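Residue-level structural notes
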Amino acid sequence: MKCVVLTLFPEEMAAYFLKGLIGKAYRAGYFDISFKNLRDYSQDAYQKVDDYPFGGGQGLVLRGDVLVNAVKSIEHYGQYRLLCPCPTGVKFTDVHVKQWKGESKGIILLCGYYEGIDERVFHLLPVQKVSLGSFILTSGELPALVILDALVRTIPNVLGNPACIEDESFYGGLLEYPQFTHPDQIDGVGVPSVLLSGHHKNITLWKREQSLKKTLWGCPSLFDQQSLSADDRSCLTDILRGEKND
């Protein structure tokens, strides 16, 4: 996968993103990413990238000509998926991760700042707005990093062990089961005995039951996206009966 990020803070984004496992995978060549400074595409002598909006309003708006120049500077930009973090966009979910990680060319992320982006950008370029939720942030860098992390970590070999991804919440259609490590007692709270038993079949059954329970109470809409086995349905019935009896 190839990723291009258009931002006012390329060095800061690169320093944060290219560290740990992801940084190691980048240096190993498992994916390609570049952070480009929007000021490099300004025609202004002072590299100005913002201006006051026509009709008045609070704050400044990123200039459309700068953004269009930046995107068009990328070779074959039309073959990329062009994304812009925006609270008015579609809600970003694991469904998008699964769809976008296989993009033939790659991803371009356009990071807004100030009071927004000149609306003409969305008419001149095939930009897809994507939202992390119904809240406002100072700029598009943080949501862009979240989207990048979610996508890049699914690339083969980035995390090393594929099971690290397959066991996680949403990836398999359910929320992930709870996990525990040493010590086995913290202030009198212990680890479920089944995890200490060494009985692999019982451990597997316990993990599935816990995933079903967490999904039932935490995000039941996930059940609409998959077909449950007879054992899963039976387990859910037992969970509901147990809660009712409690």
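You'll find the structure just up there.
What comes next is a walk through the structure. (Residues numbered from 1 in each chain as written. Predicted model: local features only at pLDDT ≥ 70, side-chain atom pairs only at ≥ 80, totals over all residues. Heavy atoms only, no water.)

As for the overall build of the protein chain
Scanning the protein chain from N- to C-terminus turns up ten helices and nine strands. For the protein chain, whose C-alpha radius of gyration is 23 Å, the value lies well above the compact-globule estimate of 18 Å for 246 residues. Its C-alpha atoms give the protein chain principal-axis dimensions of roughly 70 × 40 × 40 Å. Looking at the protein chain as a whole, 38% of its 246 residues qualify as buried. (Helix = DSSP H or I, 4+ residues; strand = E, 2+ residues; numbered from the N terminus. Rg over C-alpha atoms; globule rule 2.2 N^0.38 Å. Buried < 20%, exposed > 50% of the residue type's maximum accessible area, 1.4 Å probe, protein only.)

Thoughts on the nonpolar core
Within soluble globular proteins, side chains that are nonpolar tend to cluster in buried spots. Counting 26 residues, the largest nonpolar core has F17, F31, I33 and L148 as its most contacted members. Every element with two or more residues in this core is listed here: β1 (2-7), α1 (10-17), α2 (20-27), β2 (32-37), α4 (94-100), β6 (106-110) and α6 (141-152). Here the element with the most residues in this core is α6; it accounts for seven residues. Sequence-distant contacts of I33, that is, excluding residues within four places in its chain, are made with C3, V5, F17, L18, Y26 and L148. Ranked by size, the runner-up nonpolar core spans 23 residues in total, among them L6, L38, L62 and V66. (Core = buried A, V, L, I, M, F, W, Y, C linked by side-chain atoms within 4.5 Å. Contact = heavy atoms within 4.5 Å.)

Notes on the environment of K214
You can see K214 is positioned in helix α9 (residues 200-218). The class of K214 is partly exposed, set by a relative accessible area of 36%. Placed 96 residues apart in sequence, K214 and D118 show a C-alpha to C-alpha distance of 43 Å. Filtering out sequence-adjacent residues up to four positions away, K214 remains in contact with L175, E176, Y177, P178 and C219.

Describing the side chain of S139
Of note, S139 is situated in the loop between β7 (127-131) and α6. A distance of 2.5 Å separates the side chain of S139 from the side chain of E141, its partner in a polar contact. Excluding residues that lie within four positions of it along the chain, S139 makes contacts with G112 and Y113. (Polar contact = N/O pair within 3.5 Å; in protein donor to acceptor, adjacent residues only side chain to side chain.)

Side note on the sheet that holds β2
Either a parallel or an antiparallel arrangement is found when strands of a sheet pair, and the pairing is made through backbone hydrogen bonds. Taken together, the five strands give an open sheet; going across it, the order is β2-β1-β6-β5-β7, and neighbouring strands pair in parallel fashion. Looking along the sheet, the strands with just one partner apiece sit at the ends: β2 and β7. Strand-to-strand, the axes of this sheet are offset by a mean angle of 30°, without reference to chain direction. Most of the contacts of α1 go to β2, to which it runs at about 155°, and overall it touches β1 and β2. (Pairing = 2+ DSSP bridges. Axes fitted to C-alpha atoms, helices over the stretch in contact; angles between N-to-C directions.)

Describing α1
Looking only at α1, the buried set comprises P10, M13 and F17. For α1, the angular spread of buried residues about the axis comes to 70°, placing them on one side. α1 presents E11 and A15 as exposed residues on the side facing more than 90 degrees away from its buried surface. Buried residues in α1 make contact with β1, α2, β2 and α6. (Arc of directions from axis to C-beta.)

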